[in-house]
Amino acid sequence: MKNLLTLFLVFLLNTLSAQNKAYEFNQLNDTIVARYNRVDYNGIYALGNENFRMAQGKEDLNYLLSSLYKQTGKIKGTVLINTYEKGRSFKWIGEKKNLRFDFTTKTGSDINEFNISDFVEQPYAPSKKVLSDNKLKTKMDSIVNSNALIYMLDPKSVGLSIGIYKDGKTYTYNYGEVKKGSNQLPNSKTFYGLGSITKSFVGILLAKAVIDKKVNLTDDIRKYLKGNYPNLEYNGNPIQLQHLANHSSGFPYWTITRPDSLDNLKPYEQHLFYEKFTLKDLENDLHKIKLDTLSGIRYNYSGAGINTLIIILQNVYSKSFEQLVKEYFGKQFGMTDTKKTLSQAEIKRFVTGYDERDFVVPFFVQNTSALGPELTSTIDDMLKYISYNVKEQNIVLKLSHQKTLSLINDYGVGLCWMLNKNWQGDNYIFHNGQAWGCITTCTLYPKYQTGFVIFVNEKSSQERVGALERNLSEALNGK
């Protein structure tokens, strides 16, 4: 009898604790909404704890919220979407437009982390015919369709390809068009530019060089560069290979002098500027870099750093980057459609991309030495990539996933891979990308043996692509 009473008391205490936590979360959400409706953005910022303020500037928050308020008007009500151990997700129902607001809290009355976007069902979604190969036969089909349509009903959307790897099986879904007005649906063999997802391939090749005993992650990068670079050290401390891979080398985003007027040019004209810059030019520019702090401490995302890794890998193996990709990923993973150079027949399978201004971006023979490495691939090929990475049975892949730099919260960097925990506390590994007229994301959840790859052929919003992936992973992981 005493044991039963103890169990009942424990149950009662847990229930009361859960109810109290739910009340705190609801109260905090209501407080934030009230201040949003009063246009008291400084008041919302004041709710943020130290961690929040490290990640979010006051002026940036004011700009974001004021921009959203113009679209939504006042928030008339909220609906709970999802629960996290330390937070909640709500749909804010606006006078003109709805928002999704996610947050975590440490005390129940502060904001620790947050995310706010319009990636949620809207009351007056525009009518738009959307092509799709989704057969709508399974629960997964329905989950994908409801979220894909939120993305596709945006006026700027063109085409969308989704690949899902779950429990050893692959699933593909396609929406929209490969080119505006073409009425042609993309498919799992349609080529897209990977953008910065390519960097994860470079990180894996670096891990392979370590396993092959060609290099060590702590090696001075100058050991593998041709020429003399006394400037690539700070107070006698050299840049290490791992510093290039985790963006803590101190390198700038790019080394090429880029005129501001370039932003006003059309995509083809911009490409004419970039295509003149080669890896050899990058080697010359490395002499101009001046480090102002120790490497390995400060994160500064750098395409130039990853391209320098490519130079090093080419010197180590005496092979081009394209050869290394073909030999390792092509032969080991069967990824025969992941490459830098496409044939004329393959170019016909490449989507027509659109930039932020809705200009058509023609296919270019990829030379992005000024920006960062660039490969093209397909959903089919990237699902092979995901399956090998999620299993982590390959020692090369496992090494590439290990954290070499810790940032705020649970965020960190491996060998070019980004590492984080979601609000359910699950580790995930990812990389996003922006190519010529394309936005991409590739995310791995080893715990659930699940991965997602999403491609779109326009550049309206990396955040919306990320929100699509988050919605899908929340709905499908652990189910």
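Residues numbered from 1 in each chain as written. Predicted model: local features only at pLDDT ≥ 70, side-chain atom pairs only at ≥ 80, totals over all residues. Heavy atoms only, no water.

Asks: Whenever I open this one, the packing of aromatic side chains confuses me. Can you help?
Replies: Geometry of an aromatic ring pair is reported as the spacing of the ring centres plus the angle between the planes. Using the criterion set out here, one finds 26 aromatic pairs in the structure. Here the aromatic rings of Tyr36 and Tyr41 are separated by 6.4 Å at their centres, their planes lie at 55°, and the arrangement is tilted. The exposure class of Tyr36 is buried, given its relative accessible area of 0%. The exposure class assigned to Tyr41 is buried, which follows from its relative accessible area of 8%. When the ring centre of Tyr151 is taken as origin, the NZ or CZ atom of Arg464, which lies over that ring, is 5.2 Å away. (Phe/Tyr/Trp six-rings, centres within 6.5 Å; stacked < 30°, edge-to-face > 60°. Buried < 20%, exposed > 50% of the residue type's maximum accessible area, 1.4 Å probe, protein only. Lys NZ or Arg CZ within 6 Å of the ring centre and 35° of its normal.)

Asks: I keep staring at the side chain of Glu458 and nothing clicks. Help me out?
Replies: With respect to the helices and strands, Glu458 occurs in the loop between strand S18 (450-456) and helix H15 (462-476). For Glu458, which is buried and forms no salt bridge, the nearest opposite charge comes from Arg464, at a distance of 6.8 Å. Leave out the neighbours within four places in its chain, and Glu458 touches Tyr151, Lys156, Ser157, Val158, Tyr354, Gly437, Cys438 and Ile439. (Helix = DSSP H or I, 4+ residues; strand = E, 2+ residues; numbered from the N terminus. Lys, Arg positive; Asp, Glu negative; His and termini not counted. Salt bridge = Lys/Arg side-chain N within 4 Å of Asp/Glu carboxyl O. Contact = heavy atoms within 4.5 Å.)

Asks: I keep staring at the sheet that holds S18 and nothing clicks. Help me out?
Replies: Each strand in a sheet pairs with its neighbour through backbone hydrogen bonds, running either in the same direction (parallel) or in the opposite one (antiparallel). Pairing in this open sheet of eight strands is antiparallel, and the strands run S6-S5-S18-S17-S16-S15-S14-S13 from one edge to the other. Each end of this open sheet is capped by a strand with a single partner; those strands are strand S6 (169-176) and strand S13 (405-406). Pairing geometry for strand S5 (residues 159-166) and S18, over seven bridges, is antiparallel. If you follow Tyr165 over to S18, its bridge partner there is Gly451. Contacts between H15 and the sheet are confined to S5, strand S16 (427-435), strand S17 (438-445) and S18, with S18 contributing the most and set at about 150° to the helix. (Pairing = 2+ DSSP bridges. Axes fitted to C-alpha atoms, helices over the stretch in contact; angles between N-to-C directions.)

Asks: Would you explain the pairing of S6 in this entry?
Replies: Across a regular strand the side chains alternate sides, sitting on one face of the sheet and then on the other. Two elements, S5 and S6, share eight bridges in a ladder whose sense is antiparallel. Opposite Tyr165, over in S6, you have Thr170 as the bridge partner. Linking two consecutive strands that pair antiparallel, namely S5 and S6, is a turn of two residues; a positive phi of about 55° is found at Asp167 within it.

Asks: Could you clarify how one ought to interpret the sheet that holds strand S2 (residues 87-94) in this entry?
Replies: Sheet architecture is open: four strands sit in the order S1-S2-S3-S4, paired in antiparallel fashion. With partners counted over all chains shown, the strands left at the sheet margins are strand S1 (75-84) and strand S4 (113-117), one partner each. Across the sheet, the axes of successive neighbouring strands diverge by a mean angle of 20°, strand direction being ignored. In this structure, S2 lies alongside strand S3 (residues 99-104), joined through six bridges in antiparallel fashion. In the strand pairing of S3, Ser89 is matched with Asp102. Contacts between helix H4 (residues 58-72) and the sheet are confined to S1, S2, S3 and S4, with S4 contributing the most and set at about 35° to the helix.

Asks: For this particular structure, what's the right way to read unusual backbone geometry?
Replies: Of all residues except glycine, most have a negative phi; of all peptide bonds, most are trans. One non-glycine residue with positive phi stands out, namely Leu136, at about 50°. Mapped onto the elements of the fold, Leu136 is located in the loop between S4 and helix H5 (139-152). For His247, which is not glycine, the phi dihedral falls at a positive 65°. Along the chain, the position of His247 falls in the loop between helix H7 (241-245) and helix H8 (267-274).

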